[in-house]
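# Coordinate analysis (summary)
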Amino acid sequence: MAEKQPIFILPENVQRIIGKDAQRNNIMAARLVADSIKTTLGPKGMDKMLVDSLGDITVTNDGVTILEEMEIEHPAAKMMVEIAKTQEDEVGDGTTTAVMLAGKLLENAEKLLDNKIHPTVITKGYRLAAEKSQEILKELAVDINPEQEEVLKQIAMTAMTGKGAETVKEKFSDIIVKAVKQIAENNKIDLDNIKIEKNKGSGLAETELIEGIVFDKEKVSVDMPDKVENAKIALLDLALEIKSPEVDTKISISSPEQLQGFIEQEEKILKEMVEKIKQAGANVVFCQKGIDDVAQYYLSKEGIYACRRVSKSDMEKLARATQGKIISNLNELTSDQLGFAKMVEEVKKGEDTYTYVRGCENPKSLTILIHGGTEHVLDEMERAIKDGLGDVASALREGKVVAGAGAVEVELARRLREYSKTLGGREQLAIEEFASALEFIPITLAENAGLDPIDTLTELKAAHENEKYAGINIFTGKVENSLKEGIIEPLRIKSQAINSASEVAMMILRIDDVLASGKSSSGGMSSQNMPPTADYD
Ligand code: ADP
Ligand code: MG
């Protein structure tokens, strides 16, 4: 008999983890991700300070920001980070909730694995539970319409709690609701139409909503007016220059007269350009490209306010706010293509100079100008406001909200347990674990607020015998009807969170073989990065 040769089907540098080890390793990594943001959940959640390789500091309470900054390597952990990103893109809030849920689903699945329940059975149970959850969520959701301003403000406040905006939350929520309602066009809400600018200097209370656009450009020449009332604005996507700087032109001049003639010719063209702008009736010019010195001179002479190299996105916002058209050929400029604003003004704030375009009529694009003491504060306030905007927008898009403060999770868990009893088989166990994963949200809310988590959950469950909206108000420590308390969240936060958390948990559970090509040892699968699975109890 010939000696048996080992057969290699994979390149030598591929790291492979098979079966249970792969499963445990992935679950462990995913749980570590969830654990790392657990303490930030809810109004009393703590902040994290992240320092990147360049020494830049971020202080935040925002799940997705933390995870993005952490530069995670492990493949399963990366899948968890993806949950947060999807949640952020789709809803704009609820990232911590979604990731924690996925972590807890995996942790509970591990218990079932320990009891020799096959991953296929677990994933089937989880799928049933996720589907049933969506059904129950719809039953629990409450209608909302754009006229319910107070409720919309409560949604904005719920979104912002815990993000350091406590002292100004009334003001911020007012701004958020006004802004979203203003840019909404028949239920279509594109948050890109709300521009957020930050200004370092004065306090948060100075934060303002501007019915128009603020951008960080100054007028091109000091000889131009500081402000223009009843501004008629030309929006130009063309250079007020003779030759574009990208093109190299060579001219040979043989006499002084020729040079003089050439300069005069240039001046004439630029003067004509300004003349066309004036003819159209414009007293403000926002130009996406450059403005030549000579053109600046003539513009100033006409008392026209002008900015150059305005970014494309600002130009588009200006068009929506002032209802002007962006023109790329000066010959096409007529008075009806001009935008309008009550006031265009150069304003110096702190170290920066801005152009304010305010008093636009029914603007479809707006600016929120955040004022704050330091960059770190400004950044965190921007995240808070974005969460508020995201929540109000998604509440209005779908027209449905749910009770926060753990209310919806506890009720879901209760109804999922009832549902599981109607099923036979071992999937039932998985559905029960799914239910208790949901309860981890109120448990953590309580824990982060220094309340006893077990007592709180017991109290909540008892309250849900006859109050489906009962939640734990972290500020009072009382179990109360969250809707009445004004702790309200858009339905979409929860449906999206449950969806992506369960999908990723199921995906990770189905993996029993990890092949990592060994480009570098930092592939994340190596035991240096991960504690050995055996260490885990
Ligand atoms: P996420 O990233 O998931 O949005 P947050 O830190 O914003 O995490 O916390 C959201 C959770 O805090 C939600 O479950 C919400 O219902 C809850 N919450 C908000 N305000 C209160 C409050 N006053 N009392 C209790 N829970 C609250
Ligand atoms: Mg939030």
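This write-up is about the structure you can find in this document. All values reported here derive from a predicted model rather than from experimental measurement. (Residues numbered from 1 in each chain as written. Chains lettered and ligands numbered in written order. Predicted model: local features only at pLDDT ≥ 70, side-chain atom pairs only at ≥ 80, totals over all residues. Heavy atoms only, no water.)

### Digging into the environment of E332
Rules: Each helix corresponds to a stretch of at least 4 residues labelled H or I by DSSP, and each strand to a stretch of at least 2 residues labelled E; elements are numbered beginning at the N terminus. Contacts are assigned to residue pairs that have any heavy atoms within 4.5 Å of one another.
For E332, the position within the fold is in the loop between β11 (326-327) and β12 (339-349). Separated by 56 residues in sequence, E332 and K276 place their C-alpha atoms 9.5 Å apart. Setting aside chain neighbours within four positions, we find E332 in contact with I327 and Q337.

### A look at the layout of surface pockets
Which entries qualify depends on this criterion: The distinction between a cavity and a pocket rests on a 1 Å grid over the protein atoms alone: a 1.4 Å probe fits inside a cavity but cannot get out, while a pocket stays open yet meets protein on both sides within 12 Å along at least five of seven lines, and a residue with an atom within 4 Å of a point counts as lining. Grid points are joined across faces, edges and corners, and a volume is the space filled by probe spheres set on the points. Residues are grouped as follows: Ala, Val, Leu, Ile, Met, Phe, Trp, Tyr, Cys and Pro are nonpolar; Asp, Glu, Lys and Arg are charged; every other residue, Gly included, is polar.
Quantified by volume, the largest pocket comes out at close to 630 Å³. G42, P43, T158, T161 and I487 are, among the 36 residues lining the largest pocket, the residues nearest its centre. Where the lining of the largest pocket is concerned, the elements lending two or more residues are α4 (95-114), α6 (149-160), α13 (427-448), β16 (470-473) and α16 (491-510). Considering each element in turn, the lining of the largest pocket owes the most residues, four residues, to α6. Class assignment of the residues belonging to the lining of the largest pocket gives a composition of twelve nonpolar, 15 polar and nine charged.

### Regarding the pairing of β12
Filter applied, for reference: Two strands form a pair only when DSSP identifies at least two bridges running between them.
When strand β8 (residues 227-236) meets β12, the two strands line up antiparallel, connected through six bridges. Within the sheet, the bridge partner assigned to K232 lies in β12 and is F340. Where β12 meets strand β13 (residues 352-358), seven bridges bridge the pair, whose relative direction is antiparallel. Each residue of the ladder has a partner; that of K349, found in β13, is D352. Connecting the antiparallel pair β12 and β13 is a turn made up of two residues, with G350 showing a positive phi of about 55°.

### What to know about the site of ligand 1
Put simply, the rule is: The nearness test applies per residue and asks whether one of its heavy atoms lies within 4 Å of the molecule or strand. Contacts described as polar in this section are N or O atom pairs within 3.5 Å, which, within protein, must combine one atom able to donate a hydrogen with one able to accept it, while residues neighboring in sequence count only if both atoms come from side chains. For this analysis, a molecule is said to be in a pocket or cavity if more than half of its atoms are within 2 Å of the grid points defining it.
Neighbouring ligand 1 are 23 residues; D93, T96, T97, A405 and E489 lie closest to it. Contacts to ligand 1 include E489, whose side-chain N or O atom sits 2.8 Å from an oxygen atom. With respect to the pocket detection grid, ligand 1 is positioned in the largest pocket. Those elements that provide at least two residues to the shell around ligand 1 are α4 and β16. At three residues, α4 tops the list of elements feeding residues into the shell around ligand 1.

### Quick notes on empty space enclosed by the protein
Here the idea is plain: a probe the size of a water molecule rolls over the atoms and shows the empty space left. The final tally for this structure, using the stated rule, is four cavities of 30 Å³ or more. As a volume, the largest cavity reaches approximately 50 Å³. Forming the walls of the largest cavity are R31, A34, D35, M100, G103, K104, E107 and F440. Per-element accounting of the lining of the largest cavity gives the leading share, four residues, to α4. When its residues are assigned to classes, the lining of the largest cavity shows three nonpolar, one polar and four charged.

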